[in-house]
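One letter stands for each residue in the lines below.
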Amino acid sequence: MSSPAQLVAIDLDGTLLRDDKTIAPETLEALNGLTRRGLPIIIASARPPRSIKPFHEQLNLTTPVVAYNGALIWRFSPPDTLGHWPLHGPLVQAITAAARNIYPDCLLNIEASDRWITDRLDHRYQTQTARLFPADVVEPIEQWHGEPATKVLVQGDPGPLAHVKFELIARFTGLANVVSTEPDCLQIMLAGIDKSSGVSLIASQLHVPPEAVLAIGDNDNDAEMLAVFGYSACMDTGTPLAKRSARVIVGSHNGPGIVEALQYAGLL
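Bear in mind that the values here come from a model prediction, so they are computed numbers and not experimental data.

Rules behind the numbers
- Residues numbered from 1 in each chain as written.
- Predicted model: local features only at pLDDT ≥ 70, side-chain atom pairs only at ≥ 80, totals over all residues.
- Heavy atoms only, no water.
- Phe/Tyr/Trp six-rings, centres within 6.5 Å; stacked < 30°, edge-to-face > 60°.
- Helix = DSSP H or I, 4+ residues; strand = E, 2+ residues; numbered from the N terminus.
- Lys NZ or Arg CZ within 6 Å of the ring centre and 35° of its normal.
- Axes fitted to C-alpha atoms, helices over the stretch in contact; angles between N-to-C directions.
- Left-handed = near helix turned anticlockwise from the far one by under 90°.
- Contact = heavy atoms within 4.5 Å.
- Nonpolar A, V, L, I, M, F, W, Y, C, P; charged D, E, K, R; others polar.
- Pairing = 2+ DSSP bridges.
- Salt bridge = Lys/Arg side-chain N within 4 Å of Asp/Glu carboxyl O.
- Buried < 20%, exposed > 50% of the residue type's maximum accessible area, 1.4 Å probe, protein only.

Draft legend 1. Summary view of the packing of aromatic side chains. Going through the model one piece at a time under the given rule, you end up with one aromatic pair. Between Tyr-231 and Tyr-264, the ring centres sit 5.6 Å apart and the planes meet at 75°, which makes this aromatic pair edge-to-face. In this pair, Tyr-231 sits in strand β13 (residues 231-235) while Tyr-264 sits in helix α9 (residues 257-264), placing the two residues 33 residues apart along the sequence. Arg-50 extends its terminal NZ or CZ atom over the ring of Phe-133, reaching a point 5.8 Å from the ring centre.

Draft legend 2. Local environment of the packing of helix α3 (residues 89-102) against helix α5 (residues 158-172). Orientation of α3 relative to α5, taken along the N-to-C sense of each, is 145°, at an axis distance of 10 Å. Crossing of α3 over α5 shows right-handed handedness. Across the interface between the two elements, Leu-91, Ala-94, Ile-95, Ala-98, Ala-99 and Ile-102 of α3 pack against His-163, Val-164, Glu-167, Leu-168, Arg-171 and Phe-172 of α5. In the contact of α3 with α5, the residues fall into nine nonpolar, one polar and two charged.

Draft legend 3. Examining the sheet that holds strand β7 (residues 115-118) more closely. Within the open sheet, the six strands sit side by side as β8-β7-β6-β9-β11-β10. Their pairing is mixed. The sheet terminates laterally at β8 (137-138) and β10 (176-182), the two strands that pair on one side only. Pairing analysis gives four bridges linking strand β6 (residues 107-112) to β7, with the strands arranged antiparallel. Within β7, the residue paired with Ala-112 across the bridge is Arg-115. Contacting β9 (151-155), β10 and β11 (185-190), α5 runs over the sheet at an angle of about 15° to β11.

Draft legend 4. How the structure looks around the pattern of salt bridges. By the definition in use, this model includes 11 salt bridges. Of the charged contacts, one joins Asp-11 and Lys-195 as a salt bridge, the two residues approaching to 2.9 Å between their closest N and O atoms. In this pair, Asp-11 is assigned in the loop between β1 (7-10) and α1 (25-36) and Lys-195 in helix α6 (residues 195-205), connecting sequence segments 184 residues apart. Arg-50 is the salt-bridge partner of Glu-111, the closest N and O atoms lying 3.1 Å from each other. Note that Glu-111 is positioned in strand β6 and Arg-50 in helix α2 (residues 49-58), a separation of 61 residues in sequence. Residue Arg-50 is classed as buried on the basis of its relative accessible area of 14%. Put simply, Asp-11, Lys-195 and Asp-222 are held in one network by salt bridges that share partners.

And the structure:
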């Protein structure tokens, strides 16, 4: 491509963040340099806003974030929901009931905007967000009275959870998007919602065409984002699907991967 990218959309875990959940100094310097030049950077993550915020602040960003794999677009200052595509209440009930029927011991969680509701706490199955923020509500999932959910999480042992994933995809295709980035956790959003849809909306508002967007990721929930934009880079530690979807493979998230992606897109 002859001209550099005009917008960067970047995943957090396994991409921007090293294994210790920090940003490498050279990566931080490179991204802060782009921000000072006025180039927009968007964090696009499976995480909720509360878990994205520290890195948004560290990078001195003012752009909205794409949270929950695209199901929520959130602005921190002033706080505002710019886009929200939740699962409707009856569908939430159907999904959670099906998961519990298939795998009675699975752990069920609901994320609604920036709140976490779970039916029980289990230290064996904790997302990074759960390690940092307490649950807002702990109650039987049956008491979730048909209200919408931004994302449903189903957690448990990888073996039976793989069967849950297969069954949920079979039953709810066209209604829900079921993805997994870890073998012990399923993430379920509204059908048609993924990171690319959220990034595309923000890019449109910033008048940046798709061919001028650089997407950087590493996992299956990044695949659509890596496939649709003009520039895309996958970490060499990424999943096979993410690698197939990206235009280039760069170094590790623990090493020079982000800097190499920025160089590839003509930004450094």
